[in-house]
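Chain by chain, the residues run as shown.
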Amino acid sequence: MTEKKALLQVKHLKQYFKNGRHTTKAVDDVSFDIYEGETFGLVGESGSGKTTTGRSILQLYHPTSGEILFDGQDVAKLKSRSDQLAFRRQAQMIFQDPYASLNPRMTVEDIIAEGLDIHGLVKDKDERRKRVEELLETVGLNKNHASRFPHEFSGGQRQRIGIARALAVKPKFIVADEPISALDVSIQAQVVNLMIELQKKRGLTYLFIAHDLSMVKFISDRIGVMHFGKLLEVGPADEVYDHPLHDYTKSLISAVPIPDPEIERSRKRLTYDANKEEFDGKKRTMHEIRPGHFVRCADDEVAHYEAVAQSYE
Ligand SMILES: Nc1ncnc2c1ncn2[C@@H]1O[C@H](COP(=O)(O)OP(=O)(O)OP(=O)(O)O)[C@@H](O)[C@H]1O
Ligand SMILES: [Mg+2]
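Computed from a predicted model, the values in this text were never measured in an experiment.

Asks: Sorry, what's going on with the site of ligand 1 here?
Replies: The environment of ligand 1 is made up of 14 residues, and the closest members are Ser46, Gly47, Lys50, Thr51 and Thr52. Gly47 places a polar main-chain atom, nitrogen or oxygen, 2.8 Å from an oxygen atom of ligand 1. Between an oxygen atom of ligand 1 and a side-chain N or O atom of Glu178, the distance comes to 3.4 Å. Broken down by secondary-structure element, the contributors of at least two residues to the shell around ligand 1 are strand E2 (22-35) and helix H1 (50-57). In terms of residues, the shell around ligand 1 owes the most to one element, H1, which gives three residues.

Asks: Explain the UniProt feature "domain: ABC transporter" (unreviewed entry) in the protein chain here, please?
Replies: The UniProt record annotates "domain: ABC transporter" (unreviewed entry) at residues 8-253. Measuring from the first to the last C-alpha atom of residues 8-253 gives 27 Å, for a span that is 38% helix and 27% strand.

Asks: Would you mind going over the environment of Ile196 with me for this structure?
Replies: Here Ile196 lies in helix H6 (residues 185-202). In the structure, Ile196 is positioned 157 residues away from Thr39 in sequence and 9.2 Å away in space, judged by C-alpha atoms. Not counting the four nearest positions on each side in its chain, Ile196 is found in contact with Phe218 and Ile219.

Asks: Looking at this model, I keep getting lost on the packing of aromatic side chains. Mind explaining?
Replies: How two aromatic rings sit relative to each other is given by the distance of their centres and the angle of their planes. If you walk through the whole model with that rule in mind, you get five aromatic pairs. Where Phe32 meets Phe40, the ring centres are 4.7 Å apart and the plane angle is 10 degrees; that geometry is what we call stacked. Each member of the pair, Phe32 as well as Phe40, is classed as buried. Each member of the aromatic cluster is reached from another via a ring pair, and the members are Phe70, Phe87 and Phe173.

Asks: What should I look at first to understand the nonpolar core in this one?
Replies: Soluble globular proteins tend to pack their nonpolar side chains together in the buried interior. Ile112, Ile161, Ile163, Leu167, Phe208, Leu213 and Ile223 are the most contacted members of the largest nonpolar core, which totals 52 residues. Tallying contributions element by element places H6 first for this core, with six residues. In contact with Ile112, other than residues within four places in its own chain, are Val132, Leu135, Leu136, Ile161, Ala164, Arg165 and Ala168. Formed by 26 residues, the second largest nonpolar core is a distinct cluster that contains Val30, Phe87, Leu207 and Leu231.

Asks: Teacher, can you tell me more about the sheet that holds strand E7 (residues 173-177) here?
Replies: In sheet architecture, strand pairing relies on hydrogen bonds along the backbone and comes in two forms, parallel and antiparallel. Pairing within the open sheet is mixed, and its eight strands lie in the order E6-E7-E8-E3-E9-E10-E12-E11. Because the sheet does not close on itself, it has two edges, and the strands there are strand E6 (91-94) and strand E11 (285-290). Across this sheet, the average inter-strand angle for adjacent strands is 20 degrees, counted without regard to direction. Across two bridges, the pairing between strand E10 (residues 230-236) and strand E12 (residues 293-297) is antiparallel. Within E12, the position partnered with Glu233 by the bridge is Val295. Relative to the sheet, H6 contacts strand E3 (39-43), E6, E7 and strand E8 (205-210), its axis offset from that of E8 by approximately 160 degrees.

Asks: For this particular structure, what's the right way to read the domain arrangement of the protein chain?
Replies: Many structure descriptions define interface size as the accessible area lost when the parts assemble. Domains assigned within the protein chain are domain 1 (6-228) and domain 2 (236-313). Centre-to-centre separation of domain 1 and domain 2, based on C-alpha positions: 29 Å. Counting residues at the interface gives 14 residues for domain 1, matched by twelve residues for domain 2. Roughly 1100 Å² of surface becomes buried between domain 1 and domain 2 when both sides are summed, with 74% attributable to carbon and sulfur atoms. It is Leu213, Lys217 and Val225 in domain 1 that bury the most area against domain 2; as a group they hold 45% of the surface buried on that side. Counting the contacts that link domain 1 with domain 2 gives zero salt bridges. The tally of links between domain 1 and domain 2 comes to two residue pairs in polar contact (both at pLDDT 80 or more). Elements that contribute at least two residues to the side of domain 1 that touches domain 2 include exactly helix H7 (213-219) and strand E9 (222-227). The dominant element in the side of domain 1 that touches domain 2, judged by the number of residues it contributes, is E9, at five residues. Counted by class, the side of domain 1 that touches domain 2 contains six nonpolar, four polar and four charged residues.

Reading the values: rules and limits
Residues numbered from 1 in each chain as written. Chains lettered and ligands numbered in written order. Predicted model: local features only at pLDDT ≥ 70, side-chain atom pairs only at ≥ 80, totals over all residues. Heavy atoms only, no water. Near = heavy atom within 4 Å. Polar contact = N/O pair within 3.5 Å; in protein donor to acceptor, adjacent residues only side chain to side chain. Helix = DSSP H or I, 4+ residues; strand = E, 2+ residues; numbered from the N terminus. UniProt positions renumbered as here; feature names shortened; annotations may be inferred. Contact = heavy atoms within 4.5 Å. Phe/Tyr/Trp six-rings, centres within 6.5 Å; stacked < 30°, edge-to-face > 60°. Buried < 20%, exposed > 50% of the residue type's maximum accessible area, 1.4 Å probe, protein only. Core = buried A, V, L, I, M, F, W, Y, C linked by side-chain atoms within 4.5 Å. Pairing = 2+ DSSP bridges. Axes fitted to C-alpha atoms, helices over the stretch in contact; angles between N-to-C directions. Domains from an automatic or database assignment. Buried area = accessible area lost by both parts, 1.4 Å probe. Salt bridge = Lys/Arg side-chain N within 4 Å of Asp/Glu carboxyl O. Nonpolar A, V, L, I, M, F, W, Y, C, P; charged D, E, K, R; others polar.

If you want it as structure tokens, here you go:
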């Protein structure tokens, strides 16, 4: 197997928000890599810092500390306007709420073409229209939809418009922040399948943010688990799901419903008490317990996690 190349490297990212005397540590010393062409799923409950991580990566905040490397380059240190623009073009976002994220006063054509205009990627109106029509067809919409307005579309169709907008500038990397959680369950799979198909065709790399661990497992190559601003576990998707190391990951998995009522009835919900780790004063960092499978722990907890890993064999 050829060596995997990290397209994105997040190194000791901290993103704190100050509000008067109170500081929210939305992201607190988080490090992970995303390899070219893969989907990295980021899970965790509400307020764990997933969106903040995604937004920090896209330079929508000025990080408190830490580094974001894209293609080996520190994105905070891009000096020239053209390098900054190039990064903005290559790293796009798909939003959670397809109702709020499309300007209701703009036509679908103008929404999708916004990036084309900003980055000067089309030479005239005809080319612009043609590109928008191609993009609409790429995401499974009709090219005649270009002159309509967002309110004329269903949630699933709007999310397709959002995907077309992100794709317009031919990005390498897309942050998809809970892209299906606002949609009807019946159409969630269609949108996910479209994203998977586009990834294959275009070699895209995704950061896929979600609450639902079973969905993240389905779409992701690797998974990171966040809790209160900290990344607690990272590893291959199947590994993390089938052989979780951290108690918090175990508790998330125990909350995923199983379709068999008999098994479901006899299952134990696990709970995780964060205070145990929060206040014992131990320094915790990521330790690789199995190949590519990391857990955040103190040096004297490594043996415990090795035993947990052993217990799965
Ligand atoms: N711009 C901001 N200013 C102040 N605090 C913020 C800001 N953005 C996020 N926070 C706080 O940072 C923490 C992490 O928020 P974030 O939105 O990243 O979580 P999340 O994991 O995406 O949650 P959800 O699943 O609900 O979307 C929360 O406590 C939130 O209130
Ligand atoms: Mg969020």
